[in-house]
Amino acid sequence: MRLRALVVLAMGILPGALHAEPLESSLLVLTSYPDELVSRFEAAFERANPGTDLRVLWKTGREAMPILRSADQGGVDVYWTPALRNFPLLRDEGRLRPLDTASPELDREALPGRIGAQTLSDPSGRFEAFEVAGYGIVVNPAYLADRGLPTPRRWADLADPALAGHVAFPVLSRVGFAPVLVDIILQAEGWTAGWTLLQRIAASAELADRGPGVGDSVGSGRRGAGPTIDFQALNAQADGKPVEILYPERTAWLPAHIGVTAAAPHPKAAAAFVAFALSEEGQRILFHPDIRRHPVRPAVYRDAPAGTGNPFAAAGAFAYETERGSHREPAVAALFNALITRRQDELRELLALLDEARRAAARTGNPALVAKAEEALALASAVPVTEEQAAGLTVTLALDQDWAERIGKARAAAADTARAVLTAAKEP
């Protein structure tokens, strides 16, 4: 056995690449990962498994589901992508194999499957986390210092009146990572308080309608800060942009996943690819300067480049519930558009009026007037659906129109109440 291992190492083949039976000559992997990541894993896997040709089918998360729900699952062997909603759905529909049988070579003992109280992998073992991305606040320290502005370190800090007009915020319907980011804030702050905070932050923000928009805005000096996914801030740093990424205490590190399809026509090659992607050799590829992602194998952080954050050492991660967020993602995205994206100017003007009314009420020292001003604020921030109703909700055009009407009425009532407070505050 020692001689066999020495021969293997001398040939440059990873020990894990040897199998009791030869792998199939072909393997089809469905992913949405960019080429700079996929091509490096493809080349490394084929070197470790000569004779197996890895073919790639690039599809977005939305495009992938009809394929993976078809009778033969499109001939796909491995699904490997950041698509939080898709993997639980495929698992529940019986379209993923248990990894213990699909990929018995996988060393799952080295993969904790969680960060603190936050679950990363499927408890039933049908998909495994491959890498994680952190959600935080990208800041331009020079921009903030030049203007004497505070550095936001918590989600609530982004609503500081001093930062009004200096924040960039992603549009949920246009930016892939944004619905999860917003749901993290909603789970961290609570449904009602979270939406109130989000409206306050986004009312005066630059709304970025593409993925790198927040990082580009902050990196170029158009804005000083904004919530984002960390690898975009890290990419901006690599491009020489003067930015830093700060992780609020109550944030989350969310996984991309990998799994073997139930109908995989090349199960041995599929098992080998999953095992390789999650091996130490595979996980180290994520440190490449063109990739800059966070591995899910804690042991490899001993080889991490200087300055690399280690999510497993992050004390601030809280128990973000991934599946709870994924079930309400369509409703959250639609609510953001209804409350903010389509009515940003109206919201900004209304909040300014409400702030004026609250200050005026406070100056009078009249408790009834102060309560009236707070009532106006609650009306302005009202969300037309409860947290329970949002779970699994199908958003139709009729429902969206109903929301728009209810939001309009509530905000009109808020403005009327605020004006009444201002009038009363002027009376002797």
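If you look the chain up in an unreviewed UniProt entry, it shows as ABC transporter substrate-binding protein from Azospirillum argentinense.

(A) Focus on the overall build of the chain. Each helix and strand in the chain was counted, giving 18 helices and twelve strands. With the C-alpha coordinates of the chain rotated into their principal frame, the extents come out at 95 × 50 × 30 Å. Within the chain, buried positions represent 50% of all 428 residues. Considering only residue pairs separated by 6 or more positions, the chain has 75% of its internal contacts joining residues 24 or more positions apart. Split by element, the accessible area of the chain, about 18,600 Å² in all, is 53% carbon and sulfur.

(B) Layout of the pattern of salt bridges. Under the criterion given, the structure shown has 30 salt bridges. The shortest N-O distance in the salt bridge between Asp-400 and Arg-342 comes to 3.0 Å. Here the residue Asp-400 occupies a position in helix α18 (residues 397-426), and Arg-342 occupies one in the loop between α14 (329-339) and α15 (344-364), the gap between them amounting to 58 residues. For Asp-400, a relative accessible area of 17% translates into the label buried. Here the salt bridges do not stand alone but share partners, grouping Asp-183, Glu-321, Arg-324, Arg-328 and Glu-387 into one network.

(C) Fine view of helix α16 (residues 367-381). Spanning 15 residues, α16 covers 21 Å between terminal C-alpha atoms, matching the ideal 21 Å at 1.5 Å per step. Of the surrounding elements, those touching the buried residues of α16 are α8 (191-203), α15 and α18. With a side-chain oxygen lying 2.9 Å from the backbone nitrogen of Ala-368, the N-terminal cap of α16 falls on Asn-366.

(D) Just the environment of Asp-209, in detail. Within the fold, Asp-209 resides in the loop between β8 (206-208) and α9 (213-220). Residue Asp-209 is classed as partly exposed on the basis of its relative accessible area of 40%. Separated by 34 residues in sequence, Asp-209 and Val-175 have C-alpha atoms that sit 6.3 Å apart. Among all residues touching Asp-209, those that are not within four sequence positions of it are Val-171, Arg-174 and Val-175.

(E) The arrangement of the nonpolar core in detail. Counting 72 residues, the largest nonpolar core has Ile-184 and Trp-195 as the members making the most contacts within it. Apart from the residues within four sequence positions on either side, Trp-195 is in contact with Leu-186, Gly-190, Val-332, Leu-335, Phe-336, Leu-339 and Val-383. Ranked by size, the runner-up nonpolar core spans 37 residues in total, among them Leu-120, Trp-253, Leu-278 and Val-296.

(F) Focus on the packing of α14 against α18. Interhelical geometry of α14 versus α18 gives an angle of 45° and a closest axis separation of 10 Å. With respect to α18, the axis of α14 lies oblique. With respect to the hand of their crossing, α14 and α18 are arranged in right-handed fashion. Residues Ala-331, Ala-334, Leu-335, Ala-338 and Leu-339 of α14 form the contact with α18, whose participating residues are Asp-400, Trp-403, Ile-407 and Arg-411. Classifying every residue of the contact of α14 with α18 by side-chain character gives seven nonpolar, no polar and two charged.

(G) Molecular detail of the pairing of strand β11 (residues 253-260). Most of β11 is tucked away: eight of the eight residues are buried. Inspection of the sheet shows strand β3 (residues 78-81) paired to β11 by four bridges, in the antiparallel sense. By the bridge assignment, Tyr-79 is partnered in β11 with Gly-259. Here strand β6 (residues 128-139) runs beside β11; their pairing, made up of six bridges, is antiparallel. In the strand pairing of β11, Ala-129 is matched with His-257.

(H) Structural context of the side chain of His-294. Tracing the backbone shows His-294 in strand β12 (residues 294-295). You can call His-294 buried: its relative accessible area is 3%. If sequence neighbours within four positions are ignored, His-294 has contacts with Glu-131, Val-132, Asp-230, Leu-234, Tyr-247, Trp-253, Leu-286, Tyr-301, Gly-309 and Pro-311.

Parameters at a glance
Every chain's residues receive numbers from 1 upward, in the order its sequence appears when written. For a predicted model such as this one, the threshold for reporting local features is a pLDDT of at least 70, and the threshold for listing and counting side-chain atom pairs is 80 or more; totals across whole chains, interfaces and linings nevertheless cover every residue. Only heavy atoms go into the side-chain values, all of them from the structure, while hydrogens and water stay out. The way it works is that DSSP assigns letters per residue, a run of H or I at least four long becomes a helix, a run of E at least two long becomes a strand, and they are numbered from the N terminus. Throughout, exposure labels follow a simple rule: accessible area from a 1.4 Å probe, protein chains only, divided by the maximum for the residue type, with under 20% read as buried, over 50% as exposed, and the rest as partly exposed. Any two residues having at least one pair of non-hydrogen atoms within 4.5 Å are treated as being in contact. Throughout, the Shrake-Rupley method with a 1.4 Å probe supplies accessible areas, and for residues the shown protein chains are the sole cover considered. Definition used for salt bridges: Asp or Glu carboxyl oxygen within 4 Å of a side-chain nitrogen of Lys or Arg. Expected span of a helix, by definition, is 1.5 Å for each gap between consecutive residues, and there is one gap fewer than residues. N or O atoms closer than or at 3.5 Å make up a polar contact, with two conditions inside protein: a donor-capable atom paired with an acceptor-capable one, and, for residues adjacent in sequence, both atoms drawn from side chains. The criterion is simple. A nonpolar core is a set of buried Ala, Val, Leu, Ile, Met, Phe, Trp, Tyr and Cys residues joined through side-chain atoms within 4.5 Å. Fitted lines through C-alpha atoms give the axes, limited to the stretch in contact for helices. The angle between two N-to-C directions lies from 0 to 180 degrees. Angle categories: roughly parallel below 35 degrees, roughly antiparallel above 145, roughly perpendicular from 65 to 115, and oblique for all the rest. By convention, the crossing between two helices is left-handed when the near helix turns anticlockwise from the far helix through less than a right angle, and right-handed when the turn is clockwise. Gly falls in the polar group here, along with every residue not listed as nonpolar (Ala, Val, Leu, Ile, Met, Phe, Trp, Tyr, Cys, Pro) or charged (Asp, Glu, Lys, Arg). We treat two strands as partners when DSSP finds at least two bridges between them.

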